[in-house]
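Letter by letter, the chains look like this.
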2 protein chains.
Amino acid sequence: MHSFTEENYLKAIFKLIEQDGDGVTTNAIADRVKTKAASVTDMLKKLSDKKLINYRKYQGVSLTSKGEKVALNIIRKHRLWEMFLVEKLDFKWDEVHDVAEELEHINSEKLISQIDKFLNYPKVDPHGDPIPDKNGKFQIQKSKPVSVFKQNDVLIMTGVVDHSAAFLQYLDKVGIALGKEIKIKNMVEFDKSLQIIINKNTPIFISNEAAKNILAIKKIKCG
Amino acid sequence: MHSFTEENYLKAIFKLIEQDGDGVTTNAIADRVKTKAASVTDMLKKLSDKKLINYRKYQGVSLTSKGEKVALNIIRKHRLWEMFLVEKLDFKWDEVHDVAEELEHINSEKLISQIDKFLNYPKVDPHGDPIPDKNGKFQIQKSKPVSVFKQNDVLIMTGVVDHSAAFLQYLDKVGIALGKEIKIKNMVEFDKSLQIIINKNTPIFISNEAAKNILAIKKIKCG
DNA sequence: ATAATATTTTAGACTAATCTAAAAATATGA
DNA sequence: TCATATTTTTAGATTAGTCTAAAATATTAT
Ligand SMILES: [Mn+2]
Ligand SMILES: [Mn+2]
Ligand SMILES: [Mn+2]
Ligand SMILES: [Mn+2]
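These notes cover the structure that comes with them.

Procedures and definitions
Residues numbered from 1 in each chain as written. Chains lettered and ligands numbered in written order. Predicted model: local features only at pLDDT ≥ 70, side-chain atom pairs only at ≥ 80, totals over all residues. Heavy atoms only, no water. Pairing = 2+ DSSP bridges. Helix = DSSP H or I, 4+ residues; strand = E, 2+ residues; numbered from the N terminus. Near = heavy atom within 4 Å. Polar contact = N/O pair within 3.5 Å; in protein donor to acceptor, adjacent residues only side chain to side chain. Contact = heavy atoms within 4.5 Å. Buried area = accessible area lost by both parts, 1.4 Å probe. Salt bridge = Lys/Arg side-chain N within 4 Å of Asp/Glu carboxyl O. Nonpolar A, V, L, I, M, F, W, Y, C, P; charged D, E, K, R; others polar. Axes fitted to C-alpha atoms, helices over the stretch in contact; angles between N-to-C directions. Least-squares fit on C-alpha atoms with pLDDT ≥ 70 in both. Expected span 1.5 Å × (residues − 1). Buried < 20%, exposed > 50% of the residue type's maximum accessible area, 1.4 Å probe, protein only. Core = buried A, V, L, I, M, F, W, Y, C linked by side-chain atoms within 4.5 Å. Donors = N, O, S within 2.8 Å, 3.2 Å for Na, K, Ca; no water. Parallel < 35°, antiparallel > 145°, perpendicular 65-115°, else oblique.

Let's talk about the pairing of strand S5 (residues 181–187) of chain B
Residues and elements named next belong to chain B. When strand S4 (residues 154–160) meets S5, the two strands line up antiparallel, connected through three bridges. Within the sheet, the bridge partner assigned to Leu-155 lies in S5 and is Ile-182. Examined bridge by bridge, S5 and strand S6 (residues 194–198) share five bridges and lie antiparallel to one another. The residue of S6 that forms the bridge with Met-187 is Leu-194. With antiparallel pairing between neighbouring strands as the criterion, S5 and S6 make up a hairpin whose turn holds six residues, including Lys-192 at a positive phi of roughly 60 degrees.

A closer look at the protein's contact with DNA strand C
Close to DNA strand C lie 21 residues; A:Ser3, A:Thr35, A:Lys46, B:Tyr55 and B:Lys57 are nearest. Sugar plus phosphate, as a fraction of atoms of DNA strand C within 4 Å of the protein: 82%. A distance of 2.6 Å separates a phosphate oxygen of DNA strand C from a polar atom in the side chain of B:Lys57. Of all the elements in the fold, those that place two or more residues in the surface near DNA strand C are helix H1 (4–20) and helix H3 (37–49) of chain A together with helix H2 (26–33) and helix H3 (37–49) of chain B. Ranked by residue count, the leading element in the surface near DNA strand C is H3(A), at five residues.

Quick word on the interface of chain B and chain A
On the chain A side, the residues contacting the 20 residues of chain B number 20 residues. Carbon and sulfur atoms supply 70% of the area that chain B and chain A bury against each other, a total of about 1,700 Å² over both sides. If you sort the residues of chain B by the area they bury against chain A, B:Leu89, B:Glu102 and B:Lys110 come out on top, with a joint share of 28%. The interface formed by chain B and chain A contains two salt bridges. Between the two partners, chain B and chain A, sit six residue pairs in polar contact (both at pLDDT 80 or more).

With respect to the protein's contact with DNA strand D
The local shell around DNA strand D holds 21 residues, among which A:Tyr55, A:Lys57, B:Ser3, B:Thr35 and B:Lys46 are the closest. Backbone atoms, meaning sugar plus phosphate, form 81% of the atoms of DNA strand D positioned within 4 Å of the protein. A distance of 2.4 Å is found between a phosphate oxygen of DNA strand D and a side-chain nitrogen or oxygen belonging to B:Thr35. Only helix H2 (26–33) and H3 of chain A together with helix H1 (4–20) and H3 of chain B provide two or more residues apiece to the surface near DNA strand D. Residue composition of the surface near DNA strand D, grouped by class: eight nonpolar, eight polar and five charged.

Quick look at the sheet that holds strand S7 (residues 204–206) of chain A
All names here are of chain A. Spatially, the six strands line up as an open sheet ordered S3-S8-S4-S5-S6-S7, and their pairing is antiparallel. Taken across any chain shown, the strands that pair with only one partner, and hence form the sheet edges, are strand S3 (144–145) and S7. In this structure, strand S4 (residues 154–160) lies alongside strand S8 (residues 214–218), joined through five bridges in antiparallel fashion. Its bridge partner lying in S8, Val-160 is registered against Ile-214. Each of S4, strand S6 (194–198), S7 and S8 touches helix H7 (residues 165–174); the most contacted strand, S4, lies at about 150 degrees to it.

Digging into the relation of the copies chain B and chain A
Least-squares fitting of chain B to chain A yields an RMSD of 0.1 Å, with the superposition described by an axial translation of 0.0 Å and a rotation of 180 degrees. Within this description, the copies of the chain are treated as partners about a two-fold rotation axis. Across chain B, the smallest distance between a C-alpha and the rotation axis is recorded for B:Leu103, namely 3.8 Å. When the interface residues of chain B are mapped onto chain A, 100% of them again lie at the interface, so the same face is used by both copies.

Here's the deal with the sheet that holds strand S7 (residues 204–206) of chain B
The strands that make up a sheet are held in pairs by hydrogen bonds between backbone atoms, and each pair lies either parallel or antiparallel. A sheet is described by the order of its strands in space; here six strands give the open sequence S3-S8-S4-S5-S6-S7 (chain B), paired in antiparallel fashion. The sheet terminates laterally at strand S3 (144–145) and S7 of chain B, the two strands that pair on one side only.

Looking at H1(A)
Every α-helix carries 3.6 residues per turn, so stepping three or four residues along brings you back to the same face. With 17 residues, H1(A) should cover 24 Å at 1.5 Å per step; its first-to-last C-alpha distance of 24 Å lies within 8% of that length. When H1(A) is considered as a whole, its buried residues turn out to be A:Glu6, A:Glu7, A:Tyr9, A:Leu10, A:Lys11, A:Ala12, A:Ile13, A:Phe14, A:Leu16 and A:Ile17.

Things to note about the nonpolar core
Residues A:Leu111 and B:Leu111 are the most contacted members of the largest nonpolar core, which totals 34 residues. Contributions of two or more residues to this core are made by helix H4 (65–89), helix H5 (97–103) and helix H6 (109–118) of chain A together with helix H4 (65–89), helix H5 (97–103) and helix H6 (109–118) of chain B.

Considerations on the coordination of the manganese ion (ligand 2)
Ideal donor angles around a metal are set by the shape: a four-donor tetrahedron calls for 109.5 degrees, a six-donor octahedron for 90 or 180 degrees. Residues and elements named next belong to chain A. Protein-derived ligands of the manganese ion (ligand 2) are Glu-82 (OE), Asp-125 (OD) and His-127 (ND1), with the metal-ligand distances lying across 2.1 to 2.3 Å. Sequence positions of the donors to the manganese ion (ligand 2) reduce to the motif E-x42-D-x1-H. Separation of the manganese ion (ligand 2) from the manganese ion (ligand 1) amounts to 3.6 Å, with Glu-82 serving as a shared donor to the pair. Placement of Glu-82 in helix H4 and of Asp-125 in the loop between H6 and S3 is noted, with a sequence separation of 43 residues between them. Given the relative accessible area of 2%, Asp-125 is considered buried.

Quick notes on the packing of H2(A) against H3(A)
The geometry of a pair of packed helices is captured by two quantities: the angle between their axes and the separation between those axes. All names here are of chain A. Between H2 and H3, whose axes approach to 9 Å, the crossing angle comes to 105 degrees. Classified by the angle between their axes, H2 and H3 sit roughly perpendicular to one another. Counted together, Thr-26, Asn-27, Ile-29 and Ala-30 of H2 and Ala-37, Val-40, Thr-41 and Leu-44 of H3 form the full contact between these two elements.

Digging into the environment of A:Tyr170
Residue and element names in this part refer to chain A. Relative to the helices and strands, Tyr-170 is located in helix H7. Judged by relative accessible area, Tyr-170 falls into the partly exposed class, the value being 26%. Once the C-alpha coordinates of Tyr-170 and Gln-114 are considered, the two residues, 56 residues apart in sequence, prove to be 33 Å apart.

The following block contains the structure:
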């Protein structure tokens, strides 16, 4: 169907559009797929010939709906595999990404629909990212970084911005995980670090840098 | 580590050695990996440089112990994945091979050891083929084709020679599966077809061609 | 033993994906 | 606006894997 490489470019372009909107630049893609701008230009021509992207020299690119469909399917597979690894094979959330990068390119409609069923049709992956369904539809997250909330806000942790193993391991260490309650006890004016209470435990401090990389929503009062 | 292609060549060489012994020919490999002899010669040089095979021009090849180890690991992964697909994702035994051909190249020690554990360390795959352990060790099957047994022998079905979907579907249709009892009721001298009884059901006829492709062992009397 | 046949290797070319270096286009800013 | 800096594209080379056609070697059959 499409080569590994083509799939990786499409996924990269999709994520850059998600971040910065259409008109994705050659250099931005080169960065993401860890290659040089010259190689990207070559690939853009190929993807354009295949009607997977809209491309005019020097103008930046966007995905056609065909290209977006391919990208969403790769992302669907990536996130389902991550979920499978965590839920069924006892992987930690910081161990799954690299393996999923390989597994996402396996071609089998049946395989992925069975994995989906086996996991009971999960809506989010182990990092809180939404899993597109068969048709590429997924719920847009309205989470925001913990850093934007106010003193005494009570939040539910829903995701991460930084997906690096190092950051995920840090969150493990301080006890922050998906679904945990985070109460903002107070903010240090000097460096914008936060004192927070996780699930009613003893308060801890997290840096502003950390707070910017943790996503959460306001907790709904219930009971 | 090793490319996709290199792994497929090593696996092909391993299986040819298993079948015909050392001194595997260029054409035999070309057949198995579905390429041309000239391409095989190129690859043999590369594998030889990497000390994965023993190769002297025109003399045929054998695997070094390093090469054998790689081949056995691919086969281990292939068979574990097939088992996973059948046991956990409701695939039929005739549906798993092609997907496993892709999955066998995924690189993750942890992934495969967890799959092994998840399946409770199976000894054979859905086709009755032995699954090498972490160290490449596996039990040699002493099964023989049904065609070599004698009238009134009572057998247990243990595997297949022909792994094609068409043959496996035929076996499904007539009710032959791993572990089933096969009693040889009689053999037609004319065309060597057999009348057999599967699990005490009504007798059926199978051709000599079919009998040669079904593996079995003599049933041990018990009770 | 020699000629005919079959197998294997070499030579040379092609494709996908990559790279470096140079040229072209665009953006920036005095 | 126009020179400078940055970004993007082109040109040309490289590598892995493949192919066809031709040459070299081995096998087989008279
Ligand atoms: Mn990931
Ligand atoms: Mn994820
Ligand atoms: Mn198989
Ligand atoms: Mn099998």
